[in-house]
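Spelled out, the chains give:
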Amino acid sequence: QVQLVESGGGLVQAGGSLRLACAASGRTFSTAVMGWFRQGPGEERDFVAVISWSGISTLYADSVKGRFTISRDNAKNTVYLQMNSLKPEDTAVYYCAAKMRPRYSDYVTYRRNEYDYWGQGTQVTVSS
C-alpha cells in the first residue's frame, strides 16, 4: 500500500556530512509519522529520529542529538535526515519508516513496532 525508498547514503570521512532522503508513495504521507532507524553489523535496528505528521514535533536518539536533523516536505512526499559531524559509530544501514494514523497531530514515537511500513535501507559508511 505504501512504498518508501531511501537515497543519499555513501562513504564519508569522520566529521563530514550527508543528507538522506526518503520518498513515499500514497496520498496519506502528509498524515503519517515518519521516522529514521539504523542497523550496524551484528546490531539491533535502533531509533534515530522521528517527525510528526504536522512537522512540528521531533525526537532524536541521544547519540545523534545536536548532529542530525529530521525534516519533511509534504508537497514532495519526502522526509530528510541531515547528518553532520559524522562519526565512525554512525556507520550503519539507515531505514525510513512510516506510522499511519497517529493518535494526534504532533504524535511521535521511538518504538520500532509502532511503524507500519519500511524502506529497503541505504548504507552509510563513516571512515576515520
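Nothing here was measured: the structure is a model prediction, and the numbers come from that model.

Visitor: Even after reading the chapter, I still don't get the overall build of the chain, so can you show me in this structure?
Guide: When helices and strands are tallied, the chain shows zero helices and eleven strands. Taking 2.2 N^0.38 as the reference for a compact globule, 128 residues should give roughly 14 Å; the C-alpha atoms of the chain span a radius of gyration of 14 Å, in line with that estimate. Dimensions of the chain along its principal axes, counting C-alpha atoms only, are 40 × 30 × 25 Å. In the chain, which comprises 128 residues, the proportion classed as buried is 45%. Intrachain contacts of the chain at a sequence separation of at least 6 include 61% that bridge at least 24 residues. Surface accessibility of the chain: about 6,800 Å² in total, with carbon and sulfur atoms responsible for 44%. For the chain, the distance from the average position of its 14 positive side-chain charges to the average position of its 11 negative side-chain charges is 6 Å.

Visitor: Would you explain the side chain of Glu-114 in this entry?
Guide: With respect to the element layout, Glu-114 can be found in the loop between strand S9 (92–99) and strand S10 (117–118). Polar side-chain contacts of Glu-114 include one of 2.7 Å to the side chain of Tyr-107. A distance of 3.2 Å separates polar atoms of two side chains, one belonging to Glu-114 and the other to Thr-109. Those residues in contact with Glu-114 that sit more than four places away from it in its chain are Lys-99, Tyr-107 and Thr-109.

Visitor: What should I look at first to understand the sheet that holds strand S3 (residues 18–24) in this one?
Guide: Strand pairing in a sheet relies on backbone hydrogen bonds. The paired strands run either parallel or antiparallel. Within the open sheet, the four strands sit side by side as S1-S3-S8-S7. Their pairing is antiparallel. Of all the strands in the sheet, the pair left with one neighbour each is strand S1 (4–7) and strand S7 (68–73). For this sheet the average axis-to-axis angle between neighbouring strands, irrespective of direction, equals 15°. The pairing of S1 with S3 spans four bridges and is classified as antiparallel. Of the residues in S3, the one forming a bridge with Leu-4 is Ala-24.

Cut-offs applied
- Residues numbered from 1 in each chain as written.
- Predicted model: local features only at pLDDT ≥ 70, side-chain atom pairs only at ≥ 80, totals over all residues.
- Heavy atoms only, no water.
- Helix = DSSP H or I, 4+ residues; strand = E, 2+ residues; numbered from the N terminus.
- Rg over C-alpha atoms; globule rule 2.2 N^0.38 Å.
- Buried < 20%, exposed > 50% of the residue type's maximum accessible area, 1.4 Å probe, protein only.
- Contact = heavy atoms within 4.5 Å.
- Areas by Shrake-Rupley, 256 points an atom, 1.4 Å probe, with all protein chains shown as cover.
- Lys, Arg positive; Asp, Glu negative; His and termini not counted.
- Charge placed at Lys NZ, Arg CZ, Asp CG, Glu CD.
- Polar contact = N/O pair within 3.5 Å; in protein donor to acceptor, adjacent residues only side chain to side chain.
- Pairing = 2+ DSSP bridges.
- Axes fitted to C-alpha atoms, helices over the stretch in contact; angles between N-to-C directions.

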